[in-house]
Amino acid sequence: PQASRPFSSVEATDYASADSWMYRTESPDKSVDVFFLYTGSCDRPGICSISDQSMRQKALEKTMKQAGAFEPIGNLFVPYYRQLNSGIFLGLKPADRSARLAASSADAYAAFDYYLNHYNGGRPFILAAHGQGSAALLEGVLSHYLEQHPAARQQMVAAYAIGYSVTVDYLTRNSHLRIAERRNDVGVVISYSTEAPGVKATNPAVLPGAVAINPVNWTRSERKALQQNSRGANLSVFGEEEYKEAFADARINMARGVVECSTADLDKYADPDYPHGAFPGGDYAFYFYDLRANAQERVDAYQQSRP
């Protein structure tokens, strides 16, 4: 019901217009779809409309380097959506974000609804996003759309809401959702943010009560995954090689609810918008080929469970 959405008073973007989509696979040839929401790409003060050319360009560049992890797995669908200025978004108190993200959440809900009814054709789907895109995915699609549409939940292979926290409180409020516990459970939410060990500063992408899964060994324990066990990084977002073998180790810091990587150079991979030691650019980049292999693993498990 409309009234149950906190963003229901916000008029959504029209996704019947081709201009509202960054990318749609015109002739789907894979058995699974990937619906992707891009990371923070808005530099102008306030909010970027979907026609903002600077946001569109940045979003395109970032999407190529993140959603590319899933490209061999599924048919890709990427809507443009309205977005807050990245600095403003990161500067907001977590309690204030939901209201300020109303336009993003309304667009995520509407885009997913349009995709499901016009492009999906009954195929199972993966949801994926990063940063501000994950915040919009968690609010608009996972929390509200999937709560209201149980049939759509049956089609979800997994949701990769990366670079923005899924919290214990969020999971309590959304009892229709489950956090991933292992490498091949399906219908689950996968989430983590990457930091160097020993970060004490507040990371704006990490909320109190955050829960994470290790993107190398796919457990939720603090057992460290060694870098030689990683399937490799794609460092092109940093202007480096697209395939870097066994680059990142991974260990969950339960107290912070993050994944710690001790093998990445702190200064080389730092992000000036985040506290020193946070690696938002590494969330996809460091574990790019781990994510790709895991998506395939979950697709295989989904197809075996629902032949």
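Residues numbered from 1 in each chain as written. Predicted model: local features only at pLDDT ≥ 70, side-chain atom pairs only at ≥ 80, totals over all residues. Heavy atoms only, no water.

1. Some details on the environment of Arg-97
Thought 1: With respect to the element layout, Arg-97 can be found in helix H3 (residues 94-100).
Thought 2: Setting aside its immediate chain neighbours within four residues, Arg-97 contacts Phe-89, Leu-90, Leu-92, Tyr-164, Pro-204 and Leu-207.
Thought 3: In this structure the side chain of Arg-97 is engaged in a polar contact, spanning 3.3 Å, whose partner is the side chain of Tyr-164. (Helix = DSSP H or I, 4+ residues; strand = E, 2+ residues; numbered from the N terminus. Contact = heavy atoms within 4.5 Å. Polar contact = N/O pair within 3.5 Å; in protein donor to acceptor, adjacent residues only side chain to side chain.)

2. Focus: the sheet that holds strand S13 (residues 258-260)
Adjacent strands of a sheet form backbone hydrogen bonds with each other and so pair up, either parallel or antiparallel.
Thought 1: Sheet architecture is open: three strands sit in the order S10-S13-S12, paired in mixed fashion. Among the strands making up the open sheet, the edge pair consists of strand S10 (194-195) and strand S12 (251-253).
Thought 2: As defined by bridge partners, S10 adjoins S13 across two bridges and the pair is classed as parallel. Bridged to Glu-195 within S13 is Glu-260. (Pairing = 2+ DSSP bridges.)

3. A word on helix H1 (residues 53-66)
Thought 1: If you check H1, its first and last C-alpha atoms are 20 Å apart, about what 14 residues at 1.5 Å a residue would give, namely 20 Å.
Thought 2: Along H1, the positions that sit buried rather than exposed are Met-55, Arg-56, Ala-59, Thr-63 and Gln-66. Considered in projection along H1, the buried side chains sweep an arc of 105° and stay on one side of the axis. Opposite the packed face of H1, turned more than 90 degrees from it, sit the exposed residues Gln-53 and Met-64.
Thought 3: At the N-terminal end of H1, a side-chain oxygen is found 3.2 Å from the backbone nitrogen of Ser-54, two or three residues along, and the residue is Asp-52. (Expected span 1.5 Å × (residues − 1). Buried < 20%, exposed > 50% of the residue type's maximum accessible area, 1.4 Å probe, protein only. Arc of directions from axis to C-beta.)

4. Some points on the pairing of strand S2 (residues 33-37)
Thought 1: Counting buried positions over the five residues of S2 gives five, a clear majority of the element.
Thought 2: The two faces of S2 match: Asp-33, Phe-35 and Leu-37 on one face and Val-34 and Phe-36 on the other face are all buried.
Thought 3: Relative to strand S4 (residues 75-79), S2 runs parallel, the two being bridged by three bridges. From the neighbouring strand, Asp-33 faces S4, where its bridge partner is Asn-75.
Thought 4: Judged from the five bridges that link them, S2 and strand S6 (residues 125-130) form a sheet pairing that is parallel. Bridge pairing in S6 places Phe-36 opposite Ala-128.

5. So, the sheet that holds strand S1 (residues 21-24)
Thought 1: An order of S1-S4-S2-S6-S7-S9 is seen for the six strands of this open sheet, with the pairing classed as mixed. Bordering the open sheet on either side are S1 and strand S9 (188-190), each of which pairs with just one other strand. Across the sheet, the mean angle from the axis of one strand to that of its neighbour is 15°, orientation sign disregarded.
Thought 2: The pairing of S6 with strand S7 (residues 156-162) spans six bridges and is classified as parallel. (Axes fitted to C-alpha atoms, helices over the stretch in contact; angles between N-to-C directions.)

6. Some words on the nonpolar core
Thought 1: Counting 104 residues, the largest nonpolar core has Phe-112, Leu-127, Leu-142, Tyr-160 and Phe-286 as its most contacted members.
Thought 2: If you tally residues by element for this core, the top one is helix H4 (residues 102-118), at nine residues.
Thought 3: Residue contacts for Phe-286: discarding those within four places in its chain leaves Thr-194, Ser-230, Gly-232, Ala-233, Leu-235, Phe-238, Phe-247, Ala-248, Cys-261, Ala-264, Tyr-269 and Phe-279. (Core = buried A, V, L, I, M, F, W, Y, C linked by side-chain atoms within 4.5 Å.)

7. Some thoughts on helix H5 (residues 132-148)
Thought 1: Its 17 residues give H5 an end-to-end C-alpha distance of 23 Å, which sits within 8% of 24 Å, the value for a rise of 1.5 Å per residue.
Thought 2: A large share of H5 lies buried, amounting to 16 of its 17 residues.

8. Here's the deal with the packing of H4 against H5
Thought 1: Orientation of H4 relative to H5, taken along the N-to-C sense of each, is 60°, at an axis distance of 8 Å. The angle between H4 and H5 falls in the class oblique. Relative to H5, H4 is oriented so that their crossing is right-handed. Each of Ser-104, Ser-105, Ala-108, Tyr-109, Phe-112, Asp-113, Leu-116 and Asn-117 in H4 lies in contact with H5, whose residues at this interface are Gln-132, Ala-136, Glu-139, Gly-140, Val-141, His-144, Tyr-145, Leu-146 and Gln-148.
Thought 2: Of the residues in the contact of H4 with H5, the class split is eight nonpolar, seven polar and two charged. (Parallel < 35°, antiparallel > 145°, perpendicular 65-115°, else oblique. Left-handed = near helix turned anticlockwise from the far one by under 90°. Nonpolar A, V, L, I, M, F, W, Y, C, P; charged D, E, K, R; others polar.)

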